[in-house]
Amino acid sequence: MIPYGRQDITDADVAAVVEALRSDFITQGERVPAFERRLCEYTGAAHGVTANSATSCLHIACLALGLGPGDTLWSPPVTFVASTNCALYCGAGVEFVDVDPLTANIDPDRLASRLDAAAAEGRLPRALVVVHMGGAPCDMARIAPLARRHGVAVIEDASHAVGARYADGGIVGGGQHADITIFSFHPVKIITTAEGGLALTNDAELAERMRLYRSHGITRDPARMRGESEGDWYYQQVALGFNYRMTELQAALGISQADRLDAYVTRRNELAARYDAALARMAVTPVTPLAGSRSARHLYIVLVPDSEGGQIRRRVFDAMRAAGIGVNVHYIPVHLQPYYSDLGFRAGDFPGAEHYYRRAISLPLYPGLDEASQDRVIDALGNALDAAGCHGAAA
Ligand SMILES: *Cc1c(COP(=O)(O)O)cnc(C)c1O
């Protein structure tokens with residue numbers, strides 16, 4: 001089976017991890033802060049706070065922004081469930097803003113009207129999560145000023161978009177359009193630490209709070225203590241935090257992988273361009289990045305023709321899996337998950353997301369995908385489309 005995504009691990013990565021394993025500190029040493037600095041330099045962000053997953057980063061980001069009972073977080077419905085679960089962890093509520101069904105990114109027009117309506121009703125969210133689907137940046141030049149005008153904090157879930165650039169050329173994570181940006185280092189993402197995540201911000205106070213929540217709510221900084229420090233051994237727990245720390249082994253892998261970040265994004269874009277050319281005459285619409293932006297190309301998503309109930313997608317998906325192609329679907333809209341329907345969401349609530357979902361298939365894309373394997377994917381897609389009664393292999 002050709003997988004839809006796969007990590008790339010080199011001898012240098014292995015050597016870096018072994019060296020970390022043999023060092024004095026396998027947690028809380030110098031590699032974690034070095035990895036944080038490395039990605040701050042890459043993105044231009046002032047502060048980086050790693051954690052054991054992007055999910056944990058989303059949680060500490062929400063806590064640092066003060067999300068709690070009575071607050072609401074807004075998110076697009078087309079994302080991984082972690083983008084919104086973070087609000088529920090804090091006792092806050094979730095609302096969704098529909099996506100553009102052709103990009104799967106949050107629809108800025110809809111966001112603008114929803115914000116105006118919420119402002120009129122006094123129900124503005126405390127924070128907005130935007131998701132750069134598949135690594136393609138959202139239209140942040142429009143979205144960020146809308147949020148700012150209404151005093152809504154912006155969290156970018158850039159789990160897919162490590163190494164991406166906005167249409168204005170700025171690098172995702174630099175903080176020009178968001179209060180906090182989250183990266184994921186899960187093995188299928190752009191670079192990996194096995195499990196791991198990073199929260200980037202230009203706000204020193206938010207960074208300090210995220211560090212506090214990452215590590216039990218414990219501080220050794222006398223300036224943050226209640227009363228006096230009792231000596232060098234002394235620490236205080238001043239908030240209810242967690243153990244969300246990344247290990248030195250993970251950071252060593254991350255530092256080594258970061259050397260190849262740009263090469264990975266370049267290779268992913270080359271493979272995506274090959275798909276674009278090969279698929280041009282098939283009955284599929286590739287999800288296309290915003291003009292002028294550079295997608296990190298975490299995912300290559302095609303939209304097959306729509307059909308009531310999504311039967312065409314089902315048939316194409318099944319035929320490709322049967323042909324040994326590890327296609328996938330990103331994502332089942334979060335509001336359709338049973339846990340969220342228990343919160344009151346219903347099928348039909350977000351037609352853009354549901355329309356997108358009936359059509360979407362992610363094709364294999366990762367730096368180690370060779371062109372012969374990619375050609376097998378392309379042939380299998382053509383055959384699967386033909387078999388589903390759509391225009392495919394004749395191309
Ligand atoms: C992968 C992913 C996450 C979660 O990342 P982890 O590091 O696995 O916790 C969150 N949001 C999106 C959009 C993702 O793709």
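About the thresholds
Residues numbered from 1 in each chain as written. Predicted model: local features only at pLDDT ≥ 70, side-chain atom pairs only at ≥ 80, totals over all residues. Heavy atoms only, no water. Near = heavy atom within 4 Å. Polar contact = N/O pair within 3.5 Å; in protein donor to acceptor, adjacent residues only side chain to side chain. Areas by Shrake-Rupley, 256 points an atom, 1.4 Å probe, with all protein chains shown as cover. Nonpolar A, V, L, I, M, F, W, Y, C, P; charged D, E, K, R; others polar. Phe/Tyr/Trp six-rings, centres within 6.5 Å; stacked < 30°, edge-to-face > 60°. Helix = DSSP H or I, 4+ residues; strand = E, 2+ residues; numbered from the N terminus. Buried < 20%, exposed > 50% of the residue type's maximum accessible area, 1.4 Å probe, protein only. Contact = heavy atoms within 4.5 Å. Domains from an automatic or database assignment. Buried area = accessible area lost by both parts, 1.4 Å probe. Disulfide = S-S within 2.5 Å. Core = buried A, V, L, I, M, F, W, Y, C linked by side-chain atoms within 4.5 Å.

Draft legend 1. Spotlight on the site of the ligand. Near the ligand lie 14 residues; those nearest to it are Thr55, Asp157, His160, Ser184 and Lys189. Within the side chain of histidine 160, an N or O atom sits 2.6 Å from an oxygen atom of the ligand. A distance of 2.8 Å separates an oxygen atom of the ligand from a polar side-chain atom of serine 184. Burial of the ligand by the protein chains amounts to 93% of its free accessible area of 380 Å². When grouped by side-chain class, the residues that make up the shell around the ligand number four nonpolar, eight polar and two charged.

Draft legend 2. Geometry of the packing of aromatic side chains. Counting across every chain of the model gives nine aromatic pairs. Look at phenylalanine 80 and tyrosine 331: their rings are 6.2 Å apart centre to centre, the planes differ by 45°, and that puts the pair in the tilted class. Residue phenylalanine 80 is located in the loop between strand S2 (72-75) and helix H4 (82-89), and its partner tyrosine 331 is located in the loop between helix H10 (311-322) and helix H11 (338-341); the two are separated by 251 residues in the primary sequence. The buried category is assigned to tyrosine 331, whose relative accessible area is 12%. Through successive ring pairs, a cluster of aromatic residues spans Phe96, Tyr339, Tyr340, Phe345 and Phe350.

Draft legend 3. Representation of the environment of glycine 368. Inspection of the secondary structure assignment puts glycine 368 in the loop between strand S12 (360-363) and helix H13 (371-387). For glycine 368, a relative accessible area of 52% translates into the label exposed. For the pair glycine 368 and arginine 268, spaced 100 residues apart in the sequence, the C-alpha separation amounts to 9.3 Å.

Draft legend 4. Quick look at the environment of proline 364. Within the fold, proline 364 resides in the loop between S12 and H13. In this structure, the C-alpha to C-alpha distance between proline 364 and glutamine 374, residues ten residues apart in sequence, is 7.7 Å. When sequence neighbours within four positions are dropped, the list of residues in contact with proline 364 reads Ile2, Pro3, Tyr4, Tyr275, Ile325, Gly326, Val327, Leu369 and Val377.

Draft legend 5. The side chain of threonine 50, seen in detail. Structurally, threonine 50 is set in strand S1 (residues 47-51). On the accessibility criterion, threonine 50 (0% relative accessible area) is buried. Non-local contacts of threonine 50, meaning those with residues more than four positions away in its chain, are made with Val32, Phe35, Glu36, Gly197, Leu198, Arg214 and Met246.

Draft legend 6. Highlighting the domain arrangement of the chain. By the assigned domains, the chain splits into domain 1 (11-258) and domain 2 (261-387). Each partner contributes to the interface: domain 1 provides 41 residues, whereas domain 2 provides 38 residues. Interface area, domain 1 with domain 2, both sides summed: about 3,100 Å², of which 67% is carbon and sulfur. Taken as a group, Phe96, Pro101 and Ile190 account for 18% of the area that domain 1 buries against domain 2, more than any other trio of residues on that side.

Draft legend 7. Expanded view of the state of the cysteines. Applying the stated rule across the entire model yields zero disulfides. Just so you know, cysteine 86 is unpaired, no disulfide at all, and the nearest cysteine sulfur is the one on cysteine 62, 3.6 Å from it.

Draft legend 8. Structural detail: the nonpolar core. Judged by nonpolar contacts, the single largest core of 53 residues is most densely connected at Leu73, Ile155, Ile182 and Tyr356. Residue contributions to this core peak at eight residues, all from helix H3 (residues 54-64). Shared between two domains, this core takes at least three residues from each, and those domains are domain 1 (11-258) and domain 2 (261-387). The residues contacting isoleucine 182, other than those within four sequence positions of it, are Ala54, Cys57, Leu58, Ala61, Ile155, Glu156, Asp157, Ala158, Ser159, Leu198 and Ala199. The next biggest cluster of nonpolar side chains, apart from the first, holds 41 residues, and it includes Ala45, Leu111, Val154 and Ala296.

Draft legend 9. Structural view of unusual backbone geometry. Between histidine 330 and tyrosine 331 the backbone carries a cis peptide bond, its omega angle lying at 0°. In the Ramachandran plot, alanine 104 falls in the positive-phi region, its phi being about 65° despite a non-glycine side chain. For alanine 104, the position within the fold is in the loop between strand S3 (93-96) and helix H5 (108-121). Here alanine 194, not a glycine, exhibits a phi torsion of approximately 75°, which is positive. With respect to the element layout, alanine 194 can be found in the loop between strand S6 (180-184) and strand S7 (197-201). Alanine 194 sits in the partly exposed class, given a relative accessible area of 41%.

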